[in-house]
Amino acid sequence: MEEDRTRKAAQKRRSPKCDGEMKDEAIRIAMAAALGVVAAGGNLLGGYFVVRRDWPRKFLHYFLSLGAGYMLAVAFAEIIPESVSLGGREAFLWVLAGFFLIHLFEHTIAPHFHFGEETHDGEVAHHHARRTAILGLAIHTFFDGVAIAAGFLVSSWLGWVIFVAVFLHKLPEGFTVASLVLASGKGKASAIWAAAALGIATLVGVALTSLLQGQLRYALPLAGGVTVYVAATDLLPEVNRHPSWRTAVLVFTGVVILLIMKHLLHG
Ligand SMILES: [Zn+2]
Ligand SMILES: [Zn+2]
């Protein structure tokens, strides 16, 4: 009896906090949805630049450089450590799985894919090459959405730093897919649709992750592996194709920005 009463009292004490926590989580999920829409818009905008033909190539290249450094810093300093506290050492296996899942779809199944402007018309002329490249990129962008939502399910801090990592390469993603579609001989409308499809895949990733919260211990490290893959094998090689002192500085700036923010804002 006595025990029962203390338990009830404890539950009573805890319940207002639980309500507060639930409200806080609802706000974070809404935030993830809103930022998912912003990220998806980045894909569309990237596609639009390509279709307009007078897009700021240099500017987008700076985004890629900053994004590569920043994304790797977020993955190694935030996403992977947080995944380990959620799921223990097993988390590293899911990081590995995320890494090679994207390798499978972007570079094993697809005969020709690389980040950045597509200029090899002959390579992507066949519809198989075009479709598989778009599929690979769509699976990658699905995990951009998973990463944003999984981040916000852990904390607002993690959600925001992941959103920035995603956003920094969203425009380049849009111009990659749109230029690929144009190089394959398709028209402007198809190019915009392909960029929109990447945005939609991102939103699906946000929605599914918000619904399947119980799978967070798998979703977060998987998204971490995808982030490492995209930054290290898609973005960095594209940065290195056009070396300049500015891009070199920006890569390291991306790393340092995250470390400074972590130090100042997140202990
Ligand atoms: Zn190419
Ligand atoms: Zn992406």
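Residues numbered from 1 in each chain as written. Chains lettered and ligands numbered in written order. Predicted model: local features only at pLDDT ≥ 70, side-chain atom pairs only at ≥ 80, totals over all residues. Heavy atoms only, no water.

Student: Looking at this structure, I do not really get the overall build of the protein chain. What am I missing?
Tutor: Along the protein chain, the regular secondary structure elements total 10 helices and zero strands. The order of helices and strands in the protein chain, counted from the N terminus, is α-α-α-α-α-α-α-α-α-α. Along the first, second and third principal axes, the C-alpha atoms of the protein chain reach 80 × 35 × 30 Å. Counting only residues that meet the buried cut, the protein chain has 48% of its 267 residues in that class. A sequence separation of at least 24 residues applies to 84% of the contacts in the protein chain between residues at least 6 apart. Side chains of the protein chain give 23 positive and 20 negative charges; the mean places of these two sets differ by 4 Å. (Helix = DSSP H or I, 4+ residues; strand = E, 2+ residues; numbered from the N terminus. Buried < 20%, exposed > 50% of the residue type's maximum accessible area, 1.4 Å probe, protein only. Contact = heavy atoms within 4.5 Å. Lys, Arg positive; Asp, Glu negative; His and termini not counted. Charge placed at Lys NZ, Arg CZ, Asp CG, Glu CD.)

Student: For this particular structure, what's the right way to read the coordination of the zinc ion (ligand 1)?
Tutor: Angles between donor atoms at a metal ideally measure 109.5 degrees for a four-coordinate tetrahedral arrangement and either 90 or 180 degrees for a six-coordinate octahedral one. Around the zinc ion (ligand 1), the protein supplies His112 (NE2), His114 (NE2), Glu118 (OE), Glu118 (OE) and His120 (ND1) as donor atoms, at distances of 1.9 to 2.7 Å. Counting residues between consecutive donors of the zinc ion (ligand 1) along the chain gives the motif H-x1-H-x3-E-x1-H. By relative accessible area, His114 is classed as buried at 18%. A residue is classified by how much of its surface remains accessible, and Glu118, at 5% relative accessible area, is buried. (Donors = N, O, S within 2.8 Å, 3.2 Å for Na, K, Ca; no water.)

Student: Hey, could you run me through empty space enclosed by the protein in this one?
Tutor: Summary: where empty space remains is shown by rolling a probe the size of a single water molecule over the atoms. Applying the stated rule across the entire model yields one cavity of 30 Å³ or more. Approximately 90 Å³ is the volume attributed to the largest cavity. If you go around the largest cavity, you meet 15 residues; those closest to its centre are Met71, Asp144, Ala147, Val166 and Thr227. Put simply, the parts of the chain that give the lining of the largest cavity at least two residues each are α2 (57-87), α5 (127-154), α6 (156-168) and α9 (216-241). (1 Å grid on protein atoms, 1.4 Å probe; cavity = no way out; pocket = protein on both sides within 12 Å on 5 of 7 lines; lining within 4 Å. Points joined across faces, edges and corners; volume = space filled by probe spheres on them.)

Student: Explanation requested: the layout of surface pockets in the structure shown.
Tutor: When its volume is computed, the largest pocket comes out at roughly 290 Å³. At the level of secondary structure, the elements contributing two or more residues to the lining of the largest pocket comprise α2, α9 and α10 (245-265). Here the element with the most residues in the lining of the largest pocket is α2; it accounts for five residues. Taken as a whole, the second largest pocket spans an internal volume of roughly 160 Å³.

Student: Before we go on, may I ask you to explain the pattern of salt bridges in this structure?
Tutor: In this structure the tally under the stated criterion is five salt bridges. In this structure, the salt-bridge partner of Glu173 is Lys170, at a minimum N-O distance of 2.8 Å. A residue pair is termed a helical-turn pair when its members lie 3 or 4 positions apart in one helix, as Glu173 and Lys170 do in helix α7 (residues 170-183) at three residues. In this pair, the class of Glu173 matches that of Lys170, namely buried. Look at the salt bridges and you will find they share partners, linking Asp144, Lys170 and Glu173 into a network. (Salt bridge = Lys/Arg side-chain N within 4 Å of Asp/Glu carboxyl O.)

Student: Help me out: how do you make sense of the environment of Pro221 in this one?
Tutor: Structurally, the position occupied by Pro221 is in helix α9. Taking the C-alpha atoms as reference, Pro221 lies 8.9 Å from Ala147; in sequence the two are 74 residues apart. Discounting chain neighbours no more than four positions away, the residues touching Pro221 are Ser83, Ala91, Trp94, Val95 and Leu216.

Student: I'm lost on the packing of aromatic side chains in this one. Help?
Tutor: Any aromatic ring pair is given by two values, namely how distant the centres are and how the planes are angled relative to each other. Evaluation of the coordinates by the stated rule reveals eight aromatic pairs. For the pair Phe142 and Phe143, a centre-to-centre distance of 5.2 Å together with 85° between the ring planes defines the contact as edge-to-face. Take Phe143: its relative accessible area is 10%, and that puts it in the buried class. In this structure an aromatic cluster arises from ring pairing among Phe152, Trp160, Phe163 and Phe167. (Phe/Tyr/Trp six-rings, centres within 6.5 Å; stacked < 30°, edge-to-face > 60°.)

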